[in-house]
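# Notes for the structure review
Residues per chain are reported as follows:
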Amino acid sequence: MSLTKDDIITLPNPHLRQKSLRVAYITEEIKRVVQDMIDATLSWDASRNHEVGVALAAVQIDQLYQIIVVRNDLEHKEDQTFMVFINPVITKKEGELSKDYEGCLSVPDIYGKVKRYTKVRVKALDLNGQTIRLTAEGFLARIFQHEIDHLNGLMFIDHIKDDPNAFYHLDEDGKLTKLAYESVKTDPILWE
Ligand code: ZN
């Protein structure tokens, strides 16, 4: 049975704020988790009209492993292939800090303007256990920072919790509308 969007955990599930474990060996179970992550992301993606599921961390399907998957093509839903990164770490943050919209499959319909570095270097293992090193810029750099945060139990909203102008709601027609800070700040679903 394939996983679906319903297997993606959302706030206030406390697992989202736990640290994930390093993968010691790339076993059949780990490969199964990777496929489950991809299946769940594509199922979510198919259910959303105005969003693309660009990436997922294993914790989001309630598997607390240091694994992330990132879409090869970030803009076109037709390309359903993913890159896999096991035990990914950011080895260097470069460029400047840039503020842009960010969403999360585990925080439905809420977007935030989050500051991220415009360029990061990432080190990880691929599914064969080979070391991957890459430099990501722009939106891809943002994705890596967001996903690697998940492995450390950090949500994007945690970065902006004190910013009254950073929170937005995705309406049914795909428009982002600014949220009243008071309602965000007191929403028991969002905060520990
Ligand atoms: Zn996320």
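See the structure shown above.
### A closer look at the nonpolar core
Counting 35 residues, the largest nonpolar core has Phe-144 and Phe-167 as its most contacted members. Broken down by secondary-structure element, the contributors of at least two residues to this core are β1 (55-57), β2 (67-71), β4 (110-125), α2 (138-151), α3 (156-159) and α4 (181-185). In contact with Phe-144, not counting residues within four places along its chain, are Ile-68, Val-70, Phe-85, Ile-90, Val-120, Val-122, Leu-134 and Ala-136. Core analysis: the second largest hydrophobic core is formed by 21 residues, Val-23, Val-34, Leu-42 and Trp-44 among them.

### Here's the deal with helix α1 (residues 28-47)
Helix length check: α1, at 20 residues, gives a terminal C-alpha distance of 29 Å against a target of 28 Å (1.5 Å per residue), a fit within 8%. For α1, the secondary structure elements touched by its buried residues are β1, β2 and β3 (82-102).

### A word on the side chain of Arg-116
In this structure, Arg-116 sits in strand β4. Engagement of the side chain of Arg-116 in a polar contact is seen with the side chain of His-159, the distance being 3.4 Å. When neighbours within four sequence positions are excluded, Arg-116 is seen to be in contact with Glu-96, Leu-97, Ser-98, Glu-102, Arg-142, Gln-145, His-146, Asp-149, Phe-156 and His-159.

### Quick word on the layout of surface pockets
Quantified by volume, the largest pocket comes out at close to 560 Å³. Taken together, the elements giving at least two residues each to the lining of the largest pocket come down to α1, β3 and α2. With six residues, the top contributor of residues to the lining of the largest pocket is α2. In terms of residue class, the lining of the largest pocket is made up of 14 nonpolar, seven polar and nine charged.

### Structural notes on the coordination of the zinc ion
Surrounding the zinc ion are the protein donor atoms Cys-104 (SG), His-146 (NE2) and His-150 (NE2), which sit 2.0 to 2.3 Å from the metal. Donor residues for the zinc ion, ordered by position in the chain, follow C-x41-H-x3-H. Note that Cys-104 is positioned in the loop between β3 and β4 and His-150 in helix α2, a separation of 46 residues in sequence. A single burial state applies to Cys-104 and to His-150, both of which are buried.

What counts, and where the lines are drawn
Residues numbered from 1 in each chain as written. Predicted model: local features only at pLDDT ≥ 70, side-chain atom pairs only at ≥ 80, totals over all residues. Heavy atoms only, no water. Core = buried A, V, L, I, M, F, W, Y, C linked by side-chain atoms within 4.5 Å. Buried < 20%, exposed > 50% of the residue type's maximum accessible area, 1.4 Å probe, protein only. Helix = DSSP H or I, 4+ residues; strand = E, 2+ residues; numbered from the N terminus. Contact = heavy atoms within 4.5 Å. Expected span 1.5 Å × (residues − 1). Polar contact = N/O pair within 3.5 Å; in protein donor to acceptor, adjacent residues only side chain to side chain. 1 Å grid on protein atoms, 1.4 Å probe; cavity = no way out; pocket = protein on both sides within 12 Å on 5 of 7 lines; lining within 4 Å. Points joined across faces, edges and corners; volume = space filled by probe spheres on them. Nonpolar A, V, L, I, M, F, W, Y, C, P; charged D, E, K, R; others polar. Donors = N, O, S within 2.8 Å, 3.2 Å for Na, K, Ca; no water.

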